[in-house]
Amino acid sequence: MNIKRALRVWQRNATVYKKLYRSSLALNFFEPMLYLIAFGYGLGGFVKDIKGMSYLEFIAPGIVMSSAMFAASYECTYGTYVRMVYQKTFDAIMATPVRFNELVLGELLWGSTKSLIYGSIILIVISLFGLVKSNLVLFILPFILACGLIFASLSLIATAIVPGIESFNYFYTLFLTPLFLFSGLFFPLEGLSSIVLIVAEINPLYHLVKISRAFSYGDISLISLKDFSVIFLYLLILPPLPFILLRRKYLL
Amino acid sequence: MTVVKGKNLTKYYRNFKALDSVSFEIGEGECFGFLGPNGAGKTTLMGIIYGFIEFFNGDLILFGESVNRKNFPRIKFKIGVVPQDNNLDPDLNVLENLIVYGRYFDIDPKEAKERALKLIEFVKLDNWLNRNVRHLSGGMQRKLTFARGLINDPELLILDEPTTGLDPRSRRQIWERIENLKHSGKTLILTTHYMEEAEKLCDRIAIMDRGKILVIDTPHNLSNNFGGNLEKVYLSLTEG
Ligand SMILES: Nc1ncnc2c1ncn2[C@@H]1O[C@H](COP(=O)(O)OP(=O)(O)O)[C@@H](O)[C@H]1O
Ligand SMILES: [Mg+2]
């Protein structure tokens, strides 16, 4: 595998994005802001402090992670699928020295880059609103990237499996939305039934939200080694899978 | 020197045999044509030669090297492709389409832009440089795809129905360019449904049907041996 050629694929997507970013940035930015305003200000008025944080301070670092998650997911489901099946971008690239694995790596890295872009922007915004309490906040950045890699991988796996583009509905409704709602982003899961907690332990977003919150608030006692271990484990297991599965779907 | 050699090339799509033990040799500087009805296996064969199709049986030897996963990327720097489906990048404009494609061949951006501008001028799309390729007519897209295939200045050019959908003047321009490429020593592989095109450009022709090569010879010999012009030969040999 030649990294330089994978970066060419990344660069192709970046070139396209540079042309369209104004409209897509605004659109992707709108949704997380809506959550912050609706839940933070709206619901926040009815919620007492959680672990010493105002409700807005409690959810803001989580929104950073969830926007990173959705950014990579949109890119590597609909985006990749259209490039592979409808636009024949993959076919065109396969006539050049770029190999299929390099093409997949380029898509994976691009999806992760989208996470980094959107996660960082939300992070900057919440800092400007004074919702970040600690300099440790900078440690969130590598975890935004980790979030990108994990969900780009999961999304590429979905892309390899779906029979058609409509089937992504299932991926979002039955998989990503539950992960999002039960990630501990909007409410602490600790008080809920133990089943919820057990399921949360295998939800990568749950750990990423915890990490993000701890660094943003500057309280390391909120996280443990387990949170890092789970993320590390997912980073080890997930990224190789799209290479195998997409190859099976695409190559003749 | 033999530039392309296929030995017993066979391709199955699931249980369907699209190519059936096809063998041929193409020499340096030669223009080699593949004729045959729709579904004969021409595009499949092209796909094997330019590395789009990974799984097949038989041997493919390019520039004297038996290709495998390891050496194919390096060999591909010398190959230009005009695929049957244009597959231009609809997210990019005319100029960007060639420059971005050139990047996959590690052509430096300045050089790529120079080459792209020349090629775009040649196919007479210079007034469309900054237009999205979706706005181009079918024939214009075809010409741009032809230009894209030349961006890496290939030694071997694979043309899968290069002039399908072109108006007569554009077709003649492409023919002229193909002849120029031949004169400068490039090797060309061409598939076409136009007998006139095959007769005019090809040094040798293979006639295919149902995944098999029926005959390989010069256009002249084909006419002599089978009687009548190339179209008659084609119609008498193929069943489609
Ligand atoms: N991706 C594919 N999957 C299944 N069958 C295919 C595929 N591509 C081509 N075929 C079949 O293989 C045969 C040869 O097709 P093709 O190589 O495109 O022929 P030609 O270019 O000579 O018209 C046809 O019967 C076609 O239906
Ligand atoms: Mg064809």
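Residues numbered from 1 in each chain as written. Chains lettered and ligands numbered in written order. Predicted model: local features only at pLDDT ≥ 70, side-chain atom pairs only at ≥ 80, totals over all residues. Heavy atoms only, no water.

*Asks:* Please give an account of the overall build of chain A that cites residues and values.
*Replies:* Summing up its helical and strand segments, chain A has ten helices and zero strands in all. If you list the helices and strands of chain A from N to C, you get α-α-α-α-α-α-α-α-α-α. Computed over C-alpha atoms, the radius of gyration of chain A comes to 18 Å, within 12% of the 18 Å expected from 2.2 N^0.38 for 252 residues, which places it in the range of a compact globule. Taken along its principal axes, the extent of the C-alpha atoms in chain A is 60 × 40 × 30 Å. Expressed as a percentage of its 252 residues, the buried residues of chain A come to 56%. Intrachain contacts of chain A at a sequence separation of at least 6 include 78% that bridge at least 24 residues. (Helix = DSSP H or I, 4+ residues; strand = E, 2+ residues; numbered from the N terminus. Rg over C-alpha atoms; globule rule 2.2 N^0.38 Å. Buried < 20%, exposed > 50% of the residue type's maximum accessible area, 1.4 Å probe, protein only. Contact = heavy atoms within 4.5 Å.)

*Asks:* If you had to explain the sheet that holds strand β4 (residues 57–62) of chain B to someone new, which residues and values would you point to?
*Replies:* Residue and element names in this part refer to chain B. Taken together, the four strands give an open sheet; going across it, the order is β2-β1-β4-β5, and neighbouring strands pair in antiparallel fashion. Edge strands, defined here as strands with exactly one partner in the open sheet, are β2 (16–27) and β5 (65–66). Where strand β1 (residues 2–13) meets β4, five bridges bridge the pair, whose relative direction is antiparallel. Residue pairing for β4: T10 is matched across the bridge by N57. Against the sheet, helix α1 (residues 42–49) contacts β1, β2 and β4, and its axis sits at roughly 60° relative to β2. (Pairing = 2+ DSSP bridges. Axes fitted to C-alpha atoms, helices over the stretch in contact; angles between N-to-C directions.)

*Asks:* Can you explain the sheet that holds strand β3 (residues 31–35) of chain B? Please cite residues and give values.
*Replies:* Residue and element names in this part refer to chain B. Strand order in the open sheet formed by six strands is β6-β7-β8-β3-β9-β10, with mixed pairing between adjacent strands. Edge strands, defined here as strands with exactly one partner in the open sheet, are β6 (79–82) and β10 (212–217). Across this sheet, the average inter-strand angle for adjacent strands is 15°, counted without regard to direction. In the packing of helix α6 (residues 168–183) onto the sheet, contacts are made with β3, β7 (156–160) and β8 (187–191), and the angle to β8 comes to roughly 145°. Sitting on the sheet, helix α8 (residues 219–226) touches β9 (204–209) and β10, and the angle it makes with β10 is about 100°.

*Asks:* Please give an account of the pairing of β10 of chain B that cites residues and values.
*Replies:* On any regular strand, side chains alternate: one points to one face of the sheet, the next to the other face. Residues and elements named next belong to chain B. Sheet analysis places β9 next to β10, joined by five bridges and oriented antiparallel. Bridge pairing links M208 to I213 in β10. Counting the residues in the hairpin turn of β9 and β10 gives two residues, including R210, whose phi is positive at 45°.

*Asks:* Would you mind going over α8 of chain B in detail, with residue names and values included?
*Replies:* Residue and element names in this part refer to chain B. The set of residues buried in α8 consists of P219, L222 and S223. For α8, the arc enclosing every buried residue in end-on projection is 95°, short of the 170-degree limit, so these residues lie on one face. Facing away from the buried side of α8, by more than 90 degrees, are the exposed residues H220, N224 and N225. For α8, the elements touching its buried residues are α7 (195–201), β9, β10 and α9 (230–237). (Arc of directions from axis to C-beta.)

*Asks:* Could you give me a rundown of unusual backbone geometry, with the residues and numbers involved?
*Replies:* All names here are of chain B. We note that S21 has phi near 50°; this positive angle belongs to a residue other than glycine. Within the fold, S21 resides in strand β2. Taking the relative accessible area as the measure of exposure, S21 reaches 39% and is therefore partly exposed. Although it is not a glycine, D153 sits at a positive phi angle of roughly 45°.

None of the figures reported here should be taken as evidence of function without further support.
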